[in-house]
Amino acid sequence: MTTIQAAVQASEWAVVGVSEAQHKFGRQIFEHLRAHGYRVQAVNPRLAPALADGTPVRASLRELDPVPTVVNVVVPPSEAEGILQQCRELGVAIVWFQPGAEDPVAIARARAAGQVVVGDGACALIEAHGPAA
């Protein structure tokens, strides 16, 4: 089983970089995952504690309950190292960087340390269509 297959079969996700703006990828991915049956938590320190529609938003990955199996990252590459560190500390199984969010150096270090990372251009909007039953 590939890493992408394992990720899309997992039901617990978080999206780092959720936005209020419907046209932004962080919001589109969050809504796509919810619409396809994933249990997904939103993370954005600038929007916590909630979106305008009342959806809870956490300020950091450390506030998530439960810890998700997959963390989808939709933020600038400069934030990759910190997100990977938090995911290691929390025991997140898979970290998925959306196209444009990847930091190749941080991803290579994480993989060398045994962390499982999707960071090669795969998009959750295309790949994720519902968790395994």
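This is a predicted model, so every value here is computed, not measured.

Student: Hey, could you run me through the packing of aromatic side chains in this one?
Tutor: For any pair of aromatic rings, the description consists of the separation of the ring centres together with the inter-plane angle of the planes. Per the stated rule, a full pass over the model turns up two aromatic pairs. Between tryptophan 13 and tryptophan 96, the ring centres sit 5.7 Å apart and the planes meet at 45°, which makes this aromatic pair tilted. With tryptophan 13 in strand β1 (residues 12–16) and tryptophan 96 in strand β5 (residues 94–97), this residue pair connects regions lying 83 residues apart in the sequence. No difference in accessibility class separates tryptophan 13 from tryptophan 96, as the two residues are buried.

Student: For this particular structure, what's the right way to read the layout of surface pockets?
Tutor: Rolled over the atoms, a probe as big as a water molecule pinpoints where empty space is left. Of the pockets and cavities examined, the largest pocket occupies roughly 500 Å³. Lining the largest pocket are 29 residues, and of these Val16, Gly17, Val74, Val75 and Pro76 sit closest to its centre. Among the elements of the structure, α2 (25–35) and α3 (80–90) are those that each provide at least two residues to the lining of the largest pocket.

Student: How should α2 be read in this particular structure?
Tutor: Since the α-helix advances by 3.6 residues per turn, residues separated by three or four positions end up pointing in the same direction. Taken together, the buried positions of α2 are occupied by Gly26, Arg27, Ile29, Phe30, His32 and Leu33. Of the surrounding secondary structure, the elements contacted by the buried residues of α2 are β1, β2 (39–43), β4 (70–73) and α5 (124–127). Glycine 37 lies just past α2 and shows a positive phi near 90°.

Student: Please explain the pairing of β4 as it appears in this structure.
Tutor: Strand residues, when the strand is regular, have side chains that alternate between the two faces of the sheet. The alternating pattern of β4 places Val70 and Asn72 and Val71 and Val73 on opposite faces, both of which are buried. Examined bridge by bridge, β1 and β4 share four bridges and lie parallel to one another. The partner of alanine 14 across the bridge, within β4, is valine 71. As paired strands, β4 and β5 are joined by four bridges and run parallel to one another. Bridged to valine 73 within β5 is phenylalanine 97. Each parallel crossover has a hand, and for β4 linked through α3 to β5 it is right-handed.

Rules and cut-offs
Residues numbered from 1 in each chain as written. Predicted model: local features only at pLDDT ≥ 70, side-chain atom pairs only at ≥ 80, totals over all residues. Heavy atoms only, no water. Phe/Tyr/Trp six-rings, centres within 6.5 Å; stacked < 30°, edge-to-face > 60°. Helix = DSSP H or I, 4+ residues; strand = E, 2+ residues; numbered from the N terminus. Buried < 20%, exposed > 50% of the residue type's maximum accessible area, 1.4 Å probe, protein only. 1 Å grid on protein atoms, 1.4 Å probe; cavity = no way out; pocket = protein on both sides within 12 Å on 5 of 7 lines; lining within 4 Å. Points joined across faces, edges and corners; volume = space filled by probe spheres on them. Contact = heavy atoms within 4.5 Å. Pairing = 2+ DSSP bridges. Right-handed = clockwise from strand over helix to strand, strands pointing away.

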